[in-house]
Amino acid sequence: MNQPLVSIVIPSYKPIHFEQCLRSALGQSYLNVEIIVSDNCPTEEIHDICKKFHSVIYRRSSVFREKNVASAIFSGGGDFIKPLFDDDILHPFCVEKMVKAFTGNDSVEMVFSASQIIDFDNVRLSSRRPFCFSGITSGVDLFRILSVGGINVVGELSSIMFKKTKIWEIGFDNLFKLGGHDFSRGLADAAFYCNLTKYSSSYYLDEELSYFRKDDRLFSNSNPVANPDFGFCFSDGIELINSAYLDNAITYEELCAASCKIDEFLNSHGEFYSSIKYSYDRYLSLCKNKIL
């Protein structure tokens, strides 16, 4: 049976859990994969680990953070792209099950699954199971959930797979942009999911197929101490609502009804992060100037 090529792309910076991450990619039951490592680690630790595995495609990256993620995503030559962060882990059947989910679902541009959150020592902390069963969600509905719902039901990039053709339609410079706003310093993942699916749909697999590592000892975007752009996660929450309205994913009434949540962002964090006030003002402008 013909198997489409899947590119597992690993934008890398932290070496501490990298070999375990890489071995989870190498240990997939699905055989037609290429594994591409985009390394911007300041030491040679990740490079030295990759040298142990001749099948790994290693590339030294000169860009950082979201640009390294975008570069890694566009480097894949497969029909499907499977991102994997350098300290996360894939279930051995992850790629196989995700490829199967695309079969017969032509409208689906992205597949995501339930996941498990683990700590520094691989101890399971909690499951992320946003829905009760597997199935298709329209792009508009996903946009609504991510914006006015305020919940990232998809999770991190390690939990998704998507069609390569879609990112070329979006373009390198627009992966993390919505509604005229650049989300790359905050909720880049949510903006990316909306761009992938807003004119199509996604498929959710109700199986834990990835393991997301969360620990305050690690330098990661989920750690507010280590992430200097953490405030943008709050202001981008407002911008997701703004963008959902501008892209007709929510109504004017739903935009205005989000005021309580947005006021809470401003009151709780506005004095610490100037970006929140800017996004709040954009929100007020949209409420005052209804688009007809």
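Structure first, text after, so check above.
Residues numbered from 1 in each chain as written. Predicted model: local features only at pLDDT ≥ 70, side-chain atom pairs only at ≥ 80, totals over all residues. Heavy atoms only, no water.

Peer 1: When you look at the overall build of the protein in this model, what are you seeing that I'm missing?
Peer 2: Across its full length, the protein carries 11 helices and 12 strands. A compact globule built from 292 residues would reach a C-alpha radius of gyration of about 19 Å, and the protein, at 19 Å, matches this within 12%. Counting only C-alpha atoms, the protein reaches 60 × 45 × 35 Å along its principal axes. Counting only residues that meet the buried cut, the protein has 53% of its 292 residues in that class. Restricting the contact set of the protein to residue pairs at least 6 apart, pairs at least 24 apart contribute 77%. (Helix = DSSP H or I, 4+ residues; strand = E, 2+ residues; numbered from the N terminus. Rg over C-alpha atoms; globule rule 2.2 N^0.38 Å. Buried < 20%, exposed > 50% of the residue type's maximum accessible area, 1.4 Å probe, protein only. Contact = heavy atoms within 4.5 Å.)

Peer 1: Help me understand helix α11 (residues 274-288), please; the structure alone is not making it clear to me.
Peer 2: Each full turn of the α-helix corresponds to 3.6 residues, which orients residues three or four apart in the same direction. Taking 1.5 Å per residue, 15 residues should reach 21 Å; α11 reaches 22 Å between its end C-alpha atoms and fits that length. Looking only at α11, the buried set comprises Ser 275, Ile 276, Ser 279, Tyr 280, Tyr 283, Leu 286 and Cys 287. The arc enclosing the buried residues of α11, seen along the axis, measures out at 135°, which places them on a common side. Relative to its buried face, α11 has exposed residues pointing more than 90 degrees away, namely Ser 274, Tyr 278 and Lys 288. (Expected span 1.5 Å × (residues − 1). Arc of directions from axis to C-beta.)

Peer 1: Please explain helix α8 (residues 231-246) as it appears in this structure.
Peer 2: In this model, α8 (16 residues) spans 23 Å end to end at C-alpha, consistent with the 22 Å of a helix rising 1.5 Å per residue. Immediately downstream of α8, the backbone of Asn 248 shows phi near 65°, a positive value.

Peer 1: Any chance you could explain the packing of α8 against helix α10 (residues 259-269) here in plain terms?
Peer 2: The description of two helices packed together rests on the angle between their axes and the distance between the axes. α10 packs onto α8 with a crossing angle of 160° between their chain directions and a minimal axis gap of 10 Å. Regarding the angle of α8 to α10, the classification is roughly antiparallel. Remark: the crossing between α8 and α10 carries left-handed chirality. Touching Phe 234, Gly 237, Ile 238 and Ile 241 of α8 are Lys 261, Ile 262, Phe 265 and His 269, all from α10. Here the residues of the contact of α8 with α10 are counted per class, giving five nonpolar, two polar and one charged. (Axes fitted to C-alpha atoms, helices over the stretch in contact; angles between N-to-C directions. Parallel < 35°, antiparallel > 145°, perpendicular 65-115°, else oblique. Left-handed = near helix turned anticlockwise from the far one by under 90°. Nonpolar A, V, L, I, M, F, W, Y, C, P; charged D, E, K, R; others polar.)

Peer 1: Which parts of the structure should I look at to understand the packing of aromatic side chains?
Peer 2: Here a ring pair, both rings aromatic, is described through the centre-centre distance and the interplanar angle of the planes. What the rule picks out here adds up to 12 aromatic pairs. Here the aromatic rings of Phe 74 and Trp 168 are separated by 4.8 Å at their centres, their planes lie at 90°, and the arrangement is edge-to-face. In this pair, Phe 74 sits in helix α3 (residues 66-75) while Trp 168 sits in helix α6 (residues 164-170), placing the two residues 94 residues apart along the sequence. On the basis of relative accessibility, which here comes to 55%, the residue Trp 168 falls in the exposed class. Ring geometry for Tyr 245 against Tyr 252: centres 6.1 Å apart, planes inclined by 55°, an arrangement best described as tilted. Through a chain of ring-to-ring contacts, the aromatic side chains of Phe 162, Phe 176, Phe 192 and Tyr 193 assemble into a single cluster. (Phe/Tyr/Trp six-rings, centres within 6.5 Å; stacked < 30°, edge-to-face > 60°.)

Peer 1: I tried to follow unusual backbone geometry on my own but got confused; where do I start?
Peer 2: Note: most peptide bonds trans; most residues except glycine with negative phi. The backbone phi angle of Asn 122 is positive, close to 70°, even though this residue is not glycine. Here Asn 122 is to be found in the loop between β6 (108-118) and β7 (124-128). Here Asn 248, not a glycine, exhibits a phi torsion of approximately 65°, which is positive. With respect to the secondary-structure elements, Asn 248 resides in the loop between α8 and α9 (252-257). For Asn 248, a relative accessible area of 67% puts it in the exposed group.

Peer 1: Mind showing me how you'd approach the packing of helix α5 (residues 139-147) against helix α7 (residues 188-197) here?
Peer 2: At their nearest, the axes of α5 and α7 sit 9 Å apart, and the two run at 165° to each other. The pairing of α5 with α7 is recorded here as roughly antiparallel in orientation. The two elements α5 and α7 meet at a crossing, and its hand is left-handed. In this structure, α5 uses Gly 139, Leu 142, Phe 143 and Leu 146 to contact α7, whose residues at the interface are Ala 190, Tyr 193, Cys 194 and Thr 197. Residue composition of the contact of α5 with α7, grouped by class: six nonpolar, two polar and no charged.

Peer 1: How do you make sense of the pairing of strand β9 (residues 160-163) when you look at a structure like this?
Peer 2: For a regular strand, side-chain orientation follows a simple rule: the groups alternate between the two sheet faces. Burial along β9 is two-sided: the face carrying Ile 160 and Phe 162 and the face carrying Met 161 and Lys 163 are both buried. Bridge analysis of strand β4 (residues 80-83) against β9 gives two bridges, and the strand direction is antiparallel. Note on β9: the bridge partner recorded for Phe 80 is Lys 163. With three bridges connecting them, β6 and β9 associate as antiparallel partners. (Pairing = 2+ DSSP bridges.)

Peer 1: Before we go on, may I ask you to explain the nonpolar core in this structure?
Peer 2: As a rule of thumb, soluble globular proteins bury nonpolar side chains together. Counting 52 residues, the largest nonpolar core has Met 110, Ile 160, Phe 162 and Phe 192 as its most contacted members. A total of seven residues in this core trace back to one element, the largest contributor, which is α7. Excluding anything up to four places from it in sequence, Ile 160 contacts Ile 81, Lys 82, Pro 83, Met 98, Met 110, Val 111, Phe 112, Val 154, Phe 192, Tyr 193 and Leu 196. Formed by 31 residues, the second largest nonpolar core is a distinct cluster that contains Ala 25, Ile 46, Val 56 and Leu 84. (Core = buried A, V, L, I, M, F, W, Y, C linked by side-chain atoms within 4.5 Å.)

Peer 1: When you look at the side chain of Ser 202 in this model, what are you seeing that I'm missing?
Peer 2: If you trace the backbone, Ser 202 turns up in strand β12 (residues 201-213). Once residues lying within four places of it in the same chain are set aside, the contact partners of Ser 202 are Val 108, Met 110, Phe 112, Gly 135, Ile 136, Thr 137, Leu 142 and Thr 197.

From the geometry alone we can't say anything about function, so treat these as descriptive.
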